[in-house]
Amino acid sequence: FIMPLDLGAKGSCQIGGNISTNAGGLRFIRYGSLHGNVLGLEVVLANGTVLDMLTTLRKDNTGYDLKHLFVGSEGSLGIVTKVSILTPAKLPSTNVAFLSCNDYMSCQKLLLAARRSLGEILSAFEFMDRQCIDLAMTHLEGVHNPLPVSPYKFYVLIETTGSDESYDKAKLEAFLLRSMEDGLVADGVIAQDISQASNFWRIREGISEASVKVGAVYKYDLSIPVEKLYDIVEEMRSRVGDTAEVLGYGHLGDGNLHLNILSSKYSDNILAQIEPFVYEWTAGHRGSISAEHGLGLMKAEKIHYSKSPEAVQLMASIKKLMDPNSILNPYKVLPQSALSPEQGS
């Protein structure tokens, strides 16, 4: 069996933290969110009560499904101490393709075609722009560009996971051929062995690590309707001009963009070009200002860009009820203004 979750931090993160942050990751397109995969929890509340919700049932409609309060609340309502999680079967056949596209519209059409043609075996659909590839090639050790012939604007990593090696590979090869004939894919290669497959994944998973080596990084994790997803990257480039480099990559299958703005050092001028523009733009397109990374300390005050005042108020009421002294992860997730009036101190 496998964890229904895979993410760049898998070597160092903890499952309790994954649940508390409702981590999304690379296989979301196949296995869905932790809200669907967590069957039961044991949680310790602020007053020391051990709350036993540790069921392994797939169906249980008895009262409110309280475990969901603790999935994604970033430790602000309770601490996860035990978990029962749905683990999919480990399948024997995995194939990875690394493709290039000439424009963003082709990436979108390719996603639609992959959903239709690869269907049940599709397990990842990741996209990166050329800036990401250049960065990875410059700053990551031991990786090489699978498509070095000429630079393309966009790159897509597609993974399939299934039970029949020859059938799955034939299906992926046919899909690749058809996509090239239709002009959606400019060039592409399927990994021939495990080391090629890990090289493909290393490029995608290493972008965040490579970004840090440049100097200052401003990171945003946004959910945006797929057709509009890359617009903000282009708008951001025109806003920052030559003062910073803008990268766009992420989980295209989930409409989740990682927007990284890189500069040699932090500067108020660059930040002023980015914020609040990035939040206003996302809110204007009914997106989320935090797709999978959470709000934490830095974005707690920005929650109103994605949630209505009524929703924030209800969240604050739940927080006050469950943690009246605000001892669990204080100052995070919710804005202080939502919590302070009735606290009186």
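Worth saying up front: this structure is predicted, and the values here are computed from it rather than measured. (Residues numbered from 1 in each chain as written. Predicted model: local features only at pLDDT ≥ 70, side-chain atom pairs only at ≥ 80, totals over all residues. Heavy atoms only, no water.)

Caption draft 1: Spotlight on a nonpolar patch on the surface. A cluster of nonpolar side chains, namely Leu297, Met298 and Tyr331, defines an oily patch on the protein surface of about 420 Å² accessible area. Using a relative accessible area of 57% as the deciding quantity, one classes Tyr331 as exposed. (Patch = residues over 30% accessible without salt bridge, like charges linked within 9 Å, V, L, I, M, F, W, Y side chains within 5 Å. Areas by Shrake-Rupley, 256 points an atom, 1.4 Å probe, with all protein chains shown as cover. Salt bridge = Lys/Arg side-chain N within 4 Å of Asp/Glu carboxyl O. Buried < 20%, exposed > 50% of the residue type's maximum accessible area, 1.4 Å probe, protein only.)

Caption draft 2: The arrangement of the pairing of strand β8 (residues 216-223) in detail. Most of β8 is tucked away: six of the eight residues are buried. Here β8 pairs with strand β10 (residues 256-263) via eight bridges, running antiparallel. Residue Val217 lies in a different strand from β10, and its bridge partner there is Leu262. (Helix = DSSP H or I, 4+ residues; strand = E, 2+ residues; numbered from the N terminus. Pairing = 2+ DSSP bridges.)

Caption draft 3: Quick look at the UniProt feature "domain: FAD-binding PCMH-type" (unreviewed entry) in the protein chain. The UniProt feature table records "domain: FAD-binding PCMH-type" (unreviewed entry) at residues 1-90. A helix fraction of 20% and a strand fraction of 20% characterise residues 1-90, whose end C-alpha atoms lie 5 Å from each other. (UniProt positions renumbered as here; feature names shortened; annotations may be inferred.)

Caption draft 4: Spatial organisation of the environment of Tyr218. By the secondary structure assignment, Tyr218 is in strand β8. Looking at Tyr218, the relative accessible area reads 7%, which means it is buried. Non-local contacts of Tyr218, meaning those with residues more than four positions away in its chain, are made with Leu259, Asn260, Ile261, Lys265, Tyr266, Ser267, Ile270, Leu271 and Ile274. A polar side-chain atom of Tyr218 sits 2.9 Å from the main-chain amide nitrogen of Ser267. (Contact = heavy atoms within 4.5 Å. Polar contact = N/O pair within 3.5 Å; in protein donor to acceptor, adjacent residues only side chain to side chain.)

Caption draft 5: Examining the domain arrangement of the protein chain more closely. Here the protein chain is partitioned into domain 1 (8-85), domain 2 (93-209), domain 3 (216-284) and domain 4 (307-339). One C-alpha centre belongs to domain 3, the other to domain 4, and the line joining them spans 28 Å. (Domains from an automatic or database assignment.)

Caption draft 6: Geometry of the packing of aromatic side chains. Across all of its chains, the model carries twelve aromatic pairs by this definition. Considering the side-chain rings of Tyr218 and Tyr266, the 5.2 Å spacing of their centres and the 80 degrees angle between planes classify their relative orientation as edge-to-face. Of this pair, Tyr218 sits in strand β8 while Tyr266 sits in the loop between β10 and α11 (268-274), and the two are 48 residues apart along the sequence. Taking the centre distance of 5.4 Å and the plane angle of 25 degrees together, the rings of Tyr279 and Tyr305 count as stacked. With Tyr279 in helix α12 (residues 277-284) and Tyr305 in the loop between α12 and α13 (309-322), the pair connects residues that are 26 residues apart, well separated along the chain. Note on Tyr279: relative accessible area 2%, which makes it buried. (Phe/Tyr/Trp six-rings, centres within 6.5 Å; stacked < 30°, edge-to-face > 60°.)

Caption draft 7: Representation of the sheet that holds β8. Spatially, seven strands are ordered β7-β4-β6-β5-β9-β10-β8 in an open sheet, and the strand pairing comes out antiparallel. Edge positions in the sheet fall to β7 (187-190) and β8, since each has one partner strand and no second. Across the sheet, the mean angle from the axis of one strand to that of its neighbour is 15 degrees, orientation sign disregarded. Bridge count between strand β5 (residues 122-129) and strand β9 (residues 245-251): three bridges; the pairing is antiparallel. Bridge pairing links Met128 to Tyr249 in β9. (Axes fitted to C-alpha atoms, helices over the stretch in contact; angles between N-to-C directions.)

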